[in-house]
Amino acid sequence: MAAAGSCCNTGKNLLQFMKLIGQLKRVPRTGWVYRKVEKPESVSDHMYRMAIMAMLTEDKNLNKDRCVRLALVHDMAECIVGDIAPADNMPKEEKHRKEKEAMKHLAQLLPEEMKKEVYELWEEYEYQCSAEAKFVKELDQCEMILQALEYEELEKRPGRLQDFYDSTAGKFQHPEVVQLVSAIYEERDSNIASHTRSPAPERDIN
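A brief look at the structure comes next. Bear in mind the structure is a predicted one, so any value in this text is a computation, not a measurement.

**Quick look at the overall build of the chain**
A count of helices and strands for the chain gives ten helices and zero strands. Reading the helices (α) and strands (β) of the chain from amino to carboxyl end gives α-α-α-α-α-α-α-α-α-α. Computed over its C-alpha atoms, the radius of gyration of the chain comes to 21 Å, more than 25% above the 17 Å expected for a compact globule of 206 residues. Across its three principal directions, the C-alpha atoms of the chain cover 95 × 35 × 35 Å. The proportion of buried residues among the 206 residues of the chain is 40%. A fraction of 67% describes how many contacts in the chain between residues 6 or more apart in sequence connect residues 24 or more apart. For the chain, the accessible surface area stands at approximately 12700 Å², while carbon and sulfur atoms represent 55% of it.

Now the structure itself:
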């Protein structure tokens, strides 16, 4: 009977964990909200594309599986604390404390082995203490400016989200990320040039 009760509690805890994680689908990325982007992406949207980016790495010096896991966990605490942006002016120590408490709460809902793994993945990313964590941090920033490019294209307002590019300038080191970032800048520069180019004068045919 004890085993059955334990199994039931595990199921309930896992359900609670999944419901909390599900909140990430409804937490908008604060930076876009502040810039009045229509229908801004959710935190889970951002994490999903980061995980795909991590999966596509060809760097044999990185543990690809770990990179994907880091991408899936790095913003997990936001299902409880929300997406705290730099514009919120919250001290880094306070932001870290809130997110740490949230991660401890989430981890407690998982079976013992997964509890340890999920929390340690979050800490690894938070403290940037591995090559994989540093790579995923670059993916985080790269995905952000890629999303900025897409919003500028959707709005047909190239150049509007310049502050997101400014905040990541000089922060990309990994060759694969640098390559993608270069492609993003090339397309964005082309969009801006096309937008600002003066239209050719109409020809008088009379």
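Next comes the rest of the account.
**A look at the packing of helix α4 (residues 64-73) against helix α8 (residues 131-155)**
The N-to-C vectors of α4 and α8 enclose an angle of 55 degrees; their axes lie 9 Å apart at closest approach. By the angle class used here, α4 and α8 are oblique. As α4 runs across α8, the sense of the crossing is right-handed. Counting all contacts with α4, which are made through Arg66, Cys67, Leu70 and Ala71, the residues of α8 involved are Glu132, Ala133, Phe135 and Val136. Split into classes, the residues belonging to the contact of α4 with α8 amount to six nonpolar, no polar and two charged.

**Examining the packing of aromatic side chains**
Across all of its chains, the model carries four aromatic pairs by this definition. Judged by centre distance (5.1 Å) and plane angle (75 degrees), the ring pair of Trp32 and Tyr151 falls under edge-to-face. Of the two residues, Trp32 is situated in helix α2 (residues 30-34) and Tyr151 in helix α8; the sequence distance between them amounts to 119 residues. The exposure class assigned to Tyr151 is buried, which follows from its relative accessible area of 6%. Ring centres of Trp32 and Phe164 lie 4.4 Å apart, and the angle between their planes is 35 degrees; this geometry places the pair in the tilted category. Placement of Trp32 in helix α2 and of Phe164 in helix α9 (residues 162-166) is noted, with a sequence separation of 132 residues between them. Cluster of aromatic residues (ring-pair linked, three or more members): Trp32, Tyr151 and Phe164. The ring centre of Tyr165 lies 3.8 Å from the NZ or CZ of Arg188, which sits over that ring.

**Quick look at the pattern of salt bridges**
Applying the stated rule across the entire model yields 15 salt bridges. For the salt bridge of Glu143 with Arg49, the shortest nitrogen-to-oxygen distance reads 2.8 Å. Taken together, the positions of Glu143 in helix α8 and Arg49 in helix α3 (residues 43-55) put the pair 94 residues apart, joining distant regions of the chain. Residue Glu143 is classed as buried on the basis of its relative accessible area of 0%. With a shortest N-O distance of 3.9 Å, Lys98 and Glu94 are connected by a salt bridge.

**Some words on the nonpolar core**
If you look at the biggest cluster of nonpolar residues, it comprises 49 residues, and the most contacted ones within it are Trp32, Met103 and Val136. Beyond its immediate chain neighbours, meaning those up to four positions away, Val136 contacts Met50, Cys67, Leu70, Ala71 and Tyr125.

**Examining helix α10 (residues 175-196)**
End to end, α10 covers 31 Å across 22 residues, agreeing with the expected 32 Å (1.5 Å per residue, within 8%). All buried positions along α10 are accounted for by Val177, Val181, Ile184 and Arg188. Viewed end-on, α10 has its buried residues packed into an arc of 60 degrees, placing them on one side of the element. Among the exposed residues of α10, those oriented more than 90 degrees off its buried face are Pro175, Gln179 and Glu186. Contact partners of the buried residues in α10: α8 and α9.

**Side note on α8**
Over its 25 residues, α8 extends 36 Å from the first C-alpha to the last, a length consistent with the 36 Å expected when each residue adds 1.5 Å. In the segment just after α8, Lys156 is the residue with positive phi, at about 55 degrees.

What counts, and at which threshold
Residues numbered from 1 in each chain as written. Predicted model: local features only at pLDDT ≥ 70, side-chain atom pairs only at ≥ 80, totals over all residues. Heavy atoms only, no water. Helix = DSSP H or I, 4+ residues; strand = E, 2+ residues; numbered from the N terminus. Rg over C-alpha atoms; globule rule 2.2 N^0.38 Å. Buried < 20%, exposed > 50% of the residue type's maximum accessible area, 1.4 Å probe, protein only. Contact = heavy atoms within 4.5 Å. Areas by Shrake-Rupley, 256 points an atom, 1.4 Å probe, with all protein chains shown as cover. Axes fitted to C-alpha atoms, helices over the stretch in contact; angles between N-to-C directions. Parallel < 35°, antiparallel > 145°, perpendicular 65-115°, else oblique. Left-handed = near helix turned anticlockwise from the far one by under 90°. Nonpolar A, V, L, I, M, F, W, Y, C, P; charged D, E, K, R; others polar. Phe/Tyr/Trp six-rings, centres within 6.5 Å; stacked < 30°, edge-to-face > 60°. Lys NZ or Arg CZ within 6 Å of the ring centre and 35° of its normal. Salt bridge = Lys/Arg side-chain N within 4 Å of Asp/Glu carboxyl O. Core = buried A, V, L, I, M, F, W, Y, C linked by side-chain atoms within 4.5 Å. Expected span 1.5 Å × (residues − 1). Arc of directions from axis to C-beta.

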